[in-house]
Amino acid sequence: MRNLIAFLQRFRIFLVFLLLQIIALTSYFSIVNYPRTKWFNSSASFFASLLSMNHQVTKHFDLEIENRVLQNALKKAYKESINTYIPVKTNQIKVNDTLLQLQYNYVPATIKNGTYTRKDNFFTIDKGRKADIKADMGVVSSNGLVGIVYDVSDYYAVVKSILHSSINIPVQVEKINAKGLLKWEIYDNNPLRIKLTGISNDIPIPRGSNVVTTGSSGLFPPNYSVGKVETVKPIEGKPEWEITVRLSNDLRTTQNVFVIENILKTEQHELEEKAKQEFKEE
Amino acid sequence: MNPFIKHSVRFILFVLLQGLVFGQLEIDFGIQIMLYPLYILFLPLEMGIIWVMLLSFLMGISIDYFMNTFGLHASASVLVAYLRPELLKLFSPRDGYESYTEGNIRQMGYTWFISVFGIIVVIHHLYFFLLEHFKLTELLYIFRQTSLSALLTLTIAILSQILFFKTKKIT
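Now for a description of the structure that goes with this document. Fair warning: this is a prediction, and the values are worked out from it, not measured in the lab. Throughout, a residue's number is its position along its own chain's written sequence, starting from 1. Labels follow written order: the first chain is A, the first ligand is 1, and so on. Totals for whole chains, interfaces and linings use all residues, but because this is a predicted model, local features are given only for residues with pLDDT of at least 70 and pairs of side-chain atoms are given and counted only at 80 or more. Side-chain measures were taken over the full set of non-hydrogen atoms in the model, leaving aside hydrogen atoms and water.

### So, the overall build of chain B
Per the secondary structure count, chain B includes seven helices and zero strands. Secondary structure elements are taken from DSSP: a helix is a run of H or I of four residues or more, a strand is a run of E of two residues or more, and numbering for both begins at the N terminus. In chain B, the order of α-helices and β-strands from amino to carboxyl end is α-α-α-α-α-α-α. We compute the radius of gyration over the C-alpha atoms and compare it with the globule rule, which gives 2.2 Å times the number of residues raised to the power 0.38. Computed over its C-alpha atoms, the radius of gyration of chain B comes to 16 Å, within 12% of the 16 Å expected for a compact globule of 171 residues. Each principal axis of the C-alpha distribution contributes one length, and for chain B these read about 50 × 30 × 30 Å. Within chain B, counting contacts between residues at least 6 apart in sequence, those at least 24 apart form 72% of the total. As displayed, chain B offers around 8100 Å² of accessible surface, 72% of which is attributable to carbon and sulfur atoms. For this count, His and the chain ends are skipped, Lys and Arg are scored as positive, and Asp and Glu as negative. Every charge is mapped to an atom, namely NZ of Lys, CZ of Arg, CG of Asp or CD of Glu. Of note, chain B has its 11 positive side-chain charges centred 10 Å away from the centre of its 10 negative side-chain charges. Any two residues whose heavy atoms approach within 4.5 Å are treated as being in contact. Note on areas: Shrake-Rupley, 1.4 Å probe, and residue coverage restricted to the protein chains presented here.

Below, the structure written as structure tokens:
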């Protein structure tokens, strides 16, 4: 026992050092490997409120771009609105039918803080649990994808940006319907370009074709614009294209976003799980 | 000023500066300015290493909250705090540190400050970026990022002291 105490006294400094390192590194690596334990992030309300105070000043810097984005979004909305169409045949009347049901609910939110040039980038937005936001919901802006909700507190949420090393979003090339996964790596050194992987190299991909979401993950509505194919290169030793996609929205100037609530997501997942289990039993 | 109050105010100042100003800057080539190791160097020279480590850990965690790095800053700053006494010993002036109160540029001079804080910053940044990427195939990228960031951090540390520290006569 006395030996133990003597040992502890001699290595006291090193033990404290070790203890602090273990706390910090466990937290960090548990995030990297299993994104479950969530310590030290900016959804904590004290830090989030400080960041939103900061945003009160910085939000004015990009107002011009933001205005244009909102105008475009409005234009799109007006086009789809029922009031912009005039009835061609007057002998028909419109009946509210039950053919269509609302699947995606858009909750507006504002980005309070974000990084764009790190290896793993996150955003803090100003809507949280009180606005019915839960982890693993998709986040979009009116121009394109933004990310996936990672953690929520009462009034704030942290969003994993699409510029994150462990994000995989299923997308497809429009018209050709070739499906692949979006992946981002910092080593490309540009927050506007993202890699599209997993498309076999016997499918010709024309440059400039649109890339849209598939909707199969249930996070994003199908056919939501992501960006345009910029370069297509073959990878040596792999039957795959290396495709670079230029994102349609510049995340660095995005401020107003929408969190997507998929009302039918649980239904889709339950069905998929059920099908999986039945397949196993056979 | 009471040193306890002085260092508490500095603590808050450095956290806010890192979280709200330097952390928000997005510079190309992955450059990140991390000025808070300066706070660790500025702690009283005779302060016990365990206290220095605990304070650095607290500082790192506070910055992690802002930056969503989940403990990366904490780990790097604890490492700096652990190595601080060794570094101070290595570069100790001829008559020891007894006549000095803290390691700023006005008291210790440019050569001392640049060599000590330079080593601290390089260790801190290299460790931070190595852990962040955790990928040996991208070593070249990490080295470039480290050297550019360290250079920028050191420059800002020197400039800020020229601007904000009063010249003090050493008695």
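### Looking at the interface of chain A and chain B
Between chain A and chain B, the contact holds 38 residues from the first and 41 residues from the second. Whenever Lys or Arg places a side-chain nitrogen within 4 Å of a carboxyl oxygen from Asp or Glu, that contact is recorded as a salt bridge. Here chain A and chain B share zero salt bridges between them. Under this definition, polar contacts are N or O atom pairs within 3.5 Å; protein pairs additionally need one hydrogen-donor-capable and one acceptor-capable atom, and for neighbouring residues in sequence, both atoms have to be side-chain atoms. Taken together, chain A and chain B are joined by ten residue pairs in polar contact (both at pLDDT 80 or more). Among the secondary structure elements, those contributing two or more residues to the side of chain A that touches chain B are α2 (12-33), α3 (45-58), β1 (104-114) and β2 (120-125) of chain A. For the side of chain A that touches chain B, the per-class residue count stands at 23 nonpolar, eleven polar and four charged. Residue type decides the class: Asp, Glu, Lys and Arg count as charged, Ala, Val, Leu, Ile, Met, Phe, Trp, Tyr, Cys and Pro as nonpolar, and the leftover types, Gly among them, as polar.

### Here we look at a nonpolar patch on the surface
All names here are of chain A. Together, M1, L4, I5, F7, L8, F11, F14, L15, L18 and I22 line one region of the surface with nonpolar side chains, adding up to about 920 Å² of accessible area. Looking at the nonpolar patch, the elements that each hand over two or more residues are α1 (2-10) and α2. Relative to the elements of secondary structure, L4 occurs in helix α1. Note that patches include only residues with greater than 30% relative accessible area and no salt bridge, and the join distances are 9 Å for like charges and 5 Å for nonpolar side chains (Val, Leu, Ile, Met, Phe, Trp, Tyr).

### Some details on the packing of helix α1 (residues 3-21) of chain B against helix α3 (residues 49-67) of chain B
All names here are of chain B. Look at α1 against α3: their axes get within 9 Å of each other, and the N-to-C directions meet at 30°. Accordingly, the angle class assigned to the pair α1 and α3 is roughly parallel. The crossing of α1 and α3 is right-handed. Judged by residue contacts, F11, F14, V15, L16, Q18, G19 and L20 of α1 engage L55, L58, M59, S62, I63, F66 and M67 from α3. Lines fitted to C-alpha atoms define the axes here, with helix axes fitted over just the stretch in contact, and angles between the N-to-C directions of these axes take values from 0 to 180 degrees. Angles are sorted into four bins: roughly parallel if under 35 degrees, roughly antiparallel if over 145, roughly perpendicular if 65 to 115, and oblique for all others. Crossings are classed by handedness, with left-handed meaning an anticlockwise turn of the near helix from the far one by less than a right angle and right-handed meaning a clockwise turn.

### Structural notes on the pattern of salt bridges
All names here are of chain A. Within the structure shown, the criterion is met by seven salt bridges over all chains. A salt bridge links D250 to R252, with the nearest nitrogen and oxygen atoms 3.1 Å apart. K276 serves as the salt-bridge partner of E273, at 3.7 Å between the closest nitrogen and oxygen. Of this pair, E273 and K276 both sit in helix α5 (residues 265-281), separated by three residues, roughly a single helical turn. Taken together, the shared-partner salt bridges connect R129, K130 and D154 into one network.

### Concerning helix α6 (residues 110-133) of chain B
The first and last C-alpha atoms of α6(B) sit 33 Å apart over 24 residues, in line with the 34 Å expected at 1.5 Å per residue. In the stretch just after α6(B), F134(B) is the one whose phi turns positive, near 50°. What a helix is expected to span follows from its residue count: subtract one and scale by 1.5 Å.

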